Amino acid sequence: MHRRRRTALLLSAVLAAAPLLTACGSDAHPGAAAVVGDQRITVAQLENRVSEVRDAQRAAVPDEDAYAQVIAKSGTLPRDVLHTMVLDRVLHRAALDHSVSVTRKEVQEMREGLEKQVGGAKALETSWLQQYGVPPQRLDDNLRLQLEAQKLATALGTDTGKPAFWDALAAASKKLDIDLNPRYGTWDARQSARTDAKAPWLREVTAPQQPA
């Protein structure tokens with residue numbers, strides 16, 4: 001029998017597109033959407049990630065009227081995508097600080113288990129795109145994020161809903177000294193989130209665990 005385990009889905013629920021922002025308003029970091037530690041997330045990188053979501057949504061919603069409704073609901077897409085990109089780095093830093101790592105085999109096992117739950121690879125890709133704004137080419141990256149969060153919580157002797165987990169993310173955020181371009185909001189290190197983020201980015205999903 002497979003054991004079941006809970007893992008957190010770390011991202012804002014983003015369903016579609018928004019106009020791309022082509023310029024950067026930060027004088028301190030020209031061309032940057034955010035600076036995370038010694039790494040820059042450029043406006044071009046952000047635009048590419050937004051385009052991935054737009055393209056995937058357009059392919060999944062061929063009906064013009066339905067797609068227009070998707071676009072109408074997508075005004076915060078660039079901010080939401082940037083939130084996910086920054087959070088990925090925060091979680092990875094926290095994981096490194098606690099000697100947590102995730103292997104490709106673990107990601108593949110999680111993916112295979114989820115595919116069995118929802119009825120195949122295509123169904124899983126569609127589900128992640130519709131529910132969480134994750135395009136198919138980013139699915140494995142997102143699953144790695146989920147496993148990293150779960151394993152970090154385990155290393156801390158807690159779970160992703162408890163203060164100890166959030167404290168670890170807050171510590172990582174402070175170490176990285178995150179600076180967002182003002183047009184995308186500001187980062188709250190204590191909450192490990194954009195200050196204006198309205199949708200919870202922590203969601204609970206279940207996935208089967210392969211036998212040891």
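Residues numbered from 1 in each chain as written. Predicted model: local features only at pLDDT ≥ 70, side-chain atom pairs only at ≥ 80, totals over all residues. Heavy atoms only, no water.

Caption draft 1: Just the side chain of E115, in detail. Looking at the element boundaries, E115 is found in helix α4 (residues 104-118). Judged by its relative accessible area of 18%, E115 is buried. The residues contacting E115, other than those within four sequence positions of it, are G120, A121 and L124. (Helix = DSSP H or I, 4+ residues; strand = E, 2+ residues; numbered from the N terminus. Buried < 20%, exposed > 50% of the residue type's maximum accessible area, 1.4 Å probe, protein only. Contact = heavy atoms within 4.5 Å.)

Caption draft 2: Spatial organisation of the packing of helix α1 (residues 43-60) against helix α3 (residues 77-97). Look at α1 against α3: their axes get within 10 Å of each other, and the N-to-C directions meet at 110°. The orientation of α1 with respect to α3, classified from their angle, is roughly perpendicular. As for the relative orientation of α1 and α3, their crossing is right-handed in sense. Every residue of α3 that contacts α1 at Q45, L46, R49, V50, V53 and R54 is listed here: L77, P78, V81, L82 and M85. Taken together, the residues of the contact of α1 with α3 sort by class into eight nonpolar, one polar and two charged. (Axes fitted to C-alpha atoms, helices over the stretch in contact; angles between N-to-C directions. Parallel < 35°, antiparallel > 145°, perpendicular 65-115°, else oblique. Left-handed = near helix turned anticlockwise from the far one by under 90°. Nonpolar A, V, L, I, M, F, W, Y, C, P; charged D, E, K, R; others polar.)

Caption draft 3: Here's a closer look at the confidence of the model for the protein chain. This prediction gives the protein chain a mean pLDDT of 80; 78% of its residues lie at or above 70. Ranking the helices and strands of the protein chain by mean pLDDT puts α4 first, with 96, and strand β1 (residues 3-10) last, with 39. In the model, residues 199-203 has pLDDT below 50 throughout and makes 24 contacts with residues more than four positions away in sequence or in other chains. Taken as a whole, residues 206-212 scores under 50 in pLDDT and shows 25 contacts with residues more than four places along the chain or in a different chain. (pLDDT = per-residue confidence, 0-100.)

Caption draft 4: Looking closely at the sheet that holds strand β2 (residues 32-36). Ordered by their spatial adjacency, three strands build an open sheet running β3-β2-β4, and the pairing between neighbours is antiparallel. Each having just a single partner strand, β3 (39-42) and β4 (179-180) make up the two edges of the open sheet. Judged from the two bridges that link them, β2 and β4 form a sheet pairing that is antiparallel. What sits directly across from V35, in β4, is D179. (Pairing = 2+ DSSP bridges.)

Caption draft 5: Structural detail: the nonpolar core. Counting residues in each nonpolar core, the largest one holds 31 residues, and the members touching the most others are L46, L82, V86, V90 and I178. When residues of this core are assigned to their parent elements, the largest contribution, 10 residues, is made by α3. Not counting residues up to four positions away in its chain, the partners in contact with V86 are A34, V36, I41, I178, L180 and W187. Residues V102, L114, L124 and V134 belong to the second largest nonpolar core, which totals 11 residues. (Core = buried A, V, L, I, M, F, W, Y, C linked by side-chain atoms within 4.5 Å.)

Caption draft 6: Molecular detail of the pairing of β3. Direction of pairing for β2 relative to β3: antiparallel, over a ladder of four bridges. Within β3, the residue paired with V36 across the bridge is Q39. If you look at the hairpin formed by β2 and β3, you'll find two residues sitting between the two strands, and G37 has a positive phi there, around 65°.

Caption draft 7: Quick look at the packing of aromatic side chains. Counting across every chain of the model gives two aromatic pairs. Judged by centre distance (5.1 Å) and plane angle (75°), the rings of W128 and Y132 are edge-to-face. Of this pair, W128 and Y132 both sit in helix α5 (residues 121-132), separated by four residues, roughly a single helical turn. Exposure class is identical for W128 and Y132. Each is buried. Aromatic pair F165 and W166: ring centres 5.8 Å apart, planes at 85°, arrangement edge-to-face. Judged by its relative accessible area of 22%, W166 is partly exposed. (Phe/Tyr/Trp six-rings, centres within 6.5 Å; stacked < 30°, edge-to-face > 60°.)

Caption draft 8: Structural detail: the packing of α1 against helix α2 (residues 64-72). At a minimum axis separation of 10 Å, α1 and α2 run at an interaxial angle of 150°. Comparing the axis directions of α1 and α2 gives the class roughly antiparallel. Considering how the two elements wind past one another, α1 and α2 form a crossing that is right-handed. Residues R54, Q57 and R58 of α1 lie in contact with α2, whose contacting residues are E64, Y67 and V70.

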